[in-house]
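# Report on the structure
Read off the chains here:
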Amino acid sequence: MNIAKNMLFKKEIIEPSDELVKETFWQDVFKSLRKDRMAMAGGTIIALFILVAIFAPYLAPYNPYEVSLDLQFQKPSMEYWLGTDMFGRDVLSRIIYGSRISLLIGIVPSLITMLIGIIFGIIAGYFGRKTDFIIMTVSDMVLSFPSLLLAMVVMYTLGASLLNIFIALSIVGWAGTARVVRAQTLSLKNKEFVESARAIGVKPSIIMIRHILPNCIPQLLVLFTLEIPGSILSEASLSFLGVGAQPPASSWGLMVSNGKEFLFNAPWVAISPGIAILVIVLAFNFLGDGLRDALDPYLKQ
Amino acid sequence: MNDASTILEINNLKTYFYTDKGVVPAVDDISIKVKKGQIIGIVGESGCGKSMTSLSIMQLIAPPGKIAGGEILFQNKNLVGISKAEMRSLRGNELSMIFQEPMTSLNPVYPVGKQVAETLLLHNKHMKKAEAKQKVIEMFKMVGIPEPEERYRVFPHQLSGGLRQRVMIAMALICRSKLLIADEPTTALDVTIEAQILKLMKNLQEEIDTSIIMITHNLGIVAEMCDYVYVMYAGKIMEQADVYELFDHPKHPYTEGLLKSIPRSNVQQNKEKGLYSIKGMVPNMLNLPKGCRFHPRCIYAEDACREVEPDLVDVGEGHLVRCIKYKN
């Protein structure tokens, strides 16, 4: 009887931990993310924008590049929902096509930035001393420069093209990521599991890739979602200043730039792409904040 | 000079930390010998250099620390100045270590079984993953982890402290190391689990025939586990003896003090006298007292103690003591 009781008791102790096995890290994060309405709204908007970008040719009511001078500055109407611009091109169609460039420019440079930042940050943090000093001095130099100015310099030197925007934004952006990764590495490298990995004879390169990097992922994820709107804004600024996307390509920043001259006569030309930028940037920020909150227990560990 | 039964011989090891404020002699000229199958205890207060000794053996001293002198002969091979690659092939394979904190010694993002398998695969290049998994599960069984197959894919935060320490032991012994360094392996565990883990370590030690260096501040563990004991104070060995000899005839005032400050179960006596404690604190390592390092806290201190640093003196039967009271 007593033994049976003990067995029962044991079973009870083991069961909760068995249940934990079923819920993985990501399921747990997703669960708390779903409770966050703002984050879910942000996620939905981002998903919508991505769909719009993919299916642009099917969704756009008109050809975004078709110039017809007799349709200049049409007010928003049932025919042209968001009106037309100075060349008579449909603003809605241009925004829909522009989402392709804006999202691409949001995601690709952020990915490159993350990659460079992770490599330099983890090396600086792990090896410390001289390596750290050199990498961090370079990153300080990059950070101490006004980033838009630096990006403009790069764009002027390389010429305006999509690829060069990627390069310019990556040169400007990696330093911030490197700082975050370095700080994280510094705290992780003194953790006992890293020491015990060294004590079983693991090489430094493997320690960095297998033991330190995976433990940075929550931070990196948050950083990534907050980096994307930054890139989108930078591209918009560059295009607005005339060194970003080149006509006739339609980027939201360029549309605002073109529309600014007619702001008083035909405000819709500049305002609608401006709102599009605002919405997507807000959406990414909401998602990023939500992710940060959802990952918070893991970040605090 | 070195008989075959000696697995580790440390001679005059000095591990110094070169800080901005000066040189800290964390380990100051110590010699330790470990025989095959022996359990050695290193005891002392916090900050006396116990952990630094173990990290020196593993060659895991990080700057500004440095091994400033002496030799560490492991199976007749000097580990001081050995190449990094060669040291890596020894670590976890022939020479392994268990850390104090089982809570943070495992990587939180990998299943525990995988982490133990990593050690195996690292040191056996041709081993297949399935074979490693099988061996890990066998090892889990050996260290008394219930449902080893299930536990293989569990993450560290899903295990209790005791189970995690068992995983750490499995990891340390999976390659059947010749020498296991246990740095306060049970300090973070509660007493019942502590007893289980110690018993397990002793059993495994007999089964695998490894030697163990047990680093602890708990004299109870020493009495229970060890064959031979070193008492460290402020980076130096104060007394070393066979475990029975040390507990029955402590010679150094520090050892005497340590033994006296063990809580007794005699309630009446405790109420009357209170718990004995050695007065004072471990000295600042940057500014060590002149003469004997222990004299400011020693109840027998004389004038001579403030002047000359005593040598480690053999008082017979492998019992050595560093105190002015004893002469050759």
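Owing to the predicted nature of the structure, the values given are computational and were not obtained by experimental measurement. (Residues numbered from 1 in each chain as written. Chains lettered and ligands numbered in written order. Predicted model: local features only at pLDDT ≥ 70, side-chain atom pairs only at ≥ 80, totals over all residues.)

### Looking at the overall build of chain B
Broken down by element type, chain B carries eleven helices and twelve strands. Its C-alpha atoms give chain B a radius of gyration of 21 Å, within 12% of the compact-globule value 20 Å for 328 residues. C-alpha atoms of chain B, sized along the principal axes, occupy 70 × 50 × 40 Å. A buried classification covers 45% of the 328 residues belonging to chain B. Considering only contacts in chain B between residues 6 or more positions apart, those separated by 24 or more positions represent 63%. (Helix = DSSP H or I, 4+ residues; strand = E, 2+ residues; numbered from the N terminus. Rg over C-alpha atoms; globule rule 2.2 N^0.38 Å. Buried ≥ 20, exposed ≤ 12 C-beta atoms within 10 Å, placed from the backbone. Contact = placed C-beta atoms within 7 Å.)

### Here's the deal with the packing of helix α3 (residues 112-123) of chain B against helix α4 (residues 129-142) of chain B
Residue and element names in this part refer to chain B. Two elements in contact, α3 and α4, have axes separated by 9 Å at closest approach and are oriented at 115°. Read as a crossing pair, α3 and α4 show a hand that is right-handed. Across the interface between the two elements, G113, V116, A117, L120 and L121 of α3 pack against A132, K133, K135, V136 and M139 of α4. The residue makeup of the contact of α3 with α4, split by class, is seven nonpolar, one polar and two charged. (Axes fitted to C-alpha atoms, helices over the stretch in contact; angles between N-to-C directions. Left-handed = near helix turned anticlockwise from the far one by under 90°. Nonpolar A, V, L, I, M, F, W, Y, C, P; charged D, E, K, R; others polar.)

### Concerning the confidence of the model for chain B
When the pLDDT values of chain B are averaged, the result is 84; 97% of them are 70 or greater. Here the prediction assigns the complex a pTM of 0.73, and the interface score ipTM is 0.71. (pLDDT = per-residue confidence, 0-100.)

### Details of unusual backbone geometry
Even without a glycine there, the phi angle at A:R129 is positive, about 50°. Judged by the 9 C-beta atoms lying within 10 Å of it, A:R129 falls in the exposed class. A positive phi angle is found at B:Q59, which is not glycine, with a value near 60°. Within the element layout of this structure, B:Q59 appears in the loop between α1 (50-58) and β4 (65-74).

### Focus: α3(B)
Residue and element names in this part refer to chain B. Across the twelve residues of α3, nine count as buried, placing the element largely inside the fold. Restricting attention to buried positions, one finds in α3 the residues V112, G113, Q115, V116, A117, E118, T119, L120 and L122. Among the structural elements, α4, α5 (148-152) and α6 (161-173) are those in contact with the buried residues of α3.

### Points about the interface of chain B and chain A
If you look at the interface, chain B gives 23 residues, while chain A gives 18 residues. Breaking the side of chain B that touches chain A down by element, the ones donating at least two residues are α2 (84-90), β6 (95-98) and α3 of chain B. Considering every element that reaches the side of chain B that touches chain A, the biggest residue donor is α3(B), with three residues. Classifying every residue of the side of chain B that touches chain A gives ten nonpolar, ten polar and three charged.

### Topic: the sheet that holds strand β2 (residues 22-35) of chain B
Residue and element names in this part refer to chain B. Strand order in the open sheet made by the four strands is β2-β1-β4-β5, with antiparallel pairing throughout. This sheet does not close on itself; its edge strands, each paired only once, are β2 and β5 (77-78). Bridge count for strand β1 (residues 6-19) against β4 is eight bridges, and the pairing is antiparallel. Considered in β4, the bridge of T15 is made with I67. Lying on the sheet, α1 is in contact with β1, β2 and β4; it crosses β2 at an angle near 70°. (Pairing = 2+ DSSP bridges.)

### As for the sheet that holds strand β12 (residues 320-321) of chain B
With respect to topology, eight strands assemble into an open sheet ordered β6-β7-β8-β3-β9-β10-β12-β11 (chain B), the strand pairing being mixed. Edge strands, defined here as strands with exactly one partner in the open sheet, are β6 and β11 (313-314) of chain B.

### Re the environment of A:A168
Among the structural elements, A:A168 can be located in helix α8 (residues 162-189). Remark: the alpha-carbon pair of A:A168 and A:L282, spanning 114 residues in sequence, is separated by 23 Å.

### Concerning the confidence of the model for chain A
Of the residues in chain A, 88% reach a pLDDT of 70 or more, and the chain-wide mean stands at 79. Note that residues 1-22 of chain A has pLDDT below 50 and, in this model, four contacts with residues that lie over four places away or in other chains.

### Notes on the nonpolar core
Nonpolar side chains in soluble globular proteins generally cluster together in the buried interior. Counting residues in hydrophobic clusters, the biggest one holds 117 residues, and the most contacted among them are B:I40, B:A170 and B:M214. With eight residues, α6(B) is the single largest residue contributor to this core. Counting residues in hydrophobic clusters, the runner-up holds 43 residues, among them A:F49, A:L223, A:A276 and A:A294. (Core = buried A, V, L, I, M, F, W, Y, C linked by C-beta atoms within 7 Å.)

### Digging into the pairing of strand β7 (residues 179-183) of chain B
All names here are of chain B. Counting buried residues in β7 gives five out of five residues, a clear majority hidden from the surface. Along β7, one buried face is formed by L179, I181 and D183 and the opposite face, lined by L180 and A182, is buried too. Sheet analysis places β6 next to β7, joined by four bridges and oriented parallel. Bridged to M97 within β7 is I181. Bridge count for β7 against strand β8 (residues 211-216) is five bridges, and the pairing is parallel. Within β8, the residue paired with D183 across the bridge is I215. Chirality of the crossover, the property in question, places the unit of β7, helix α7 (residues 191-208) and β8 among those that are right-handed. (Right-handed = clockwise from strand over helix to strand, strands pointing away.)

### Remarks on the packing of helix α7 (residues 147-158) of chain A against helix α10 (residues 204-240) of chain A
Residues and elements named next belong to chain A. Two elements in contact, α7 and α10, have axes whose closest approach is 11 Å; the angle formed by their N-to-C orientations is 60°. In terms of orientation, α7 and α10 fall into the oblique class. The crossing of α7 and α10 is right-handed. Contacts from L148, A151, M152 and M155 in α7 reach S234, S237 and L238 in α10. (Parallel < 35°, antiparallel > 145°, perpendicular 65-115°, else oblique.)

### Focus: the pairing of strand β9 (residues 228-233) of chain B
Sheet faces and side chains relate simply in a regular strand, where the side chains alternate between the two faces. All names here are of chain B. With six of its six residues buried, β9 lies for the most part within the structure. Residues Y228, Y230 and M232 line one face of β9 and the alternating positions V229, V231 and Y233 line the opposite face, and both faces are buried. Alignment of strand β3 (residues 39-43) against β9, held across four bridges, turns out to be parallel. Pairing of I40 across the sheet is with Y228, part of β9. Two strands pair when backbone bridges link them, and β9 and strand β10 (residues 236-242) are joined in this way by six bridges, in the antiparallel orientation. From the neighbouring strand, V229 faces β10, where its bridge partner is A241. Adjacent in sequence and paired antiparallel, β9 and β10 are bridged by two residues, among which A234 carries a positive phi angle near 45°.

### A look at the environment of A:L291
Tracing the chain through its elements places A:L291 in helix α12 (residues 268-300). Using a count of 24 C-beta atoms within 10 Å as the deciding quantity, one classes A:L291 as buried.

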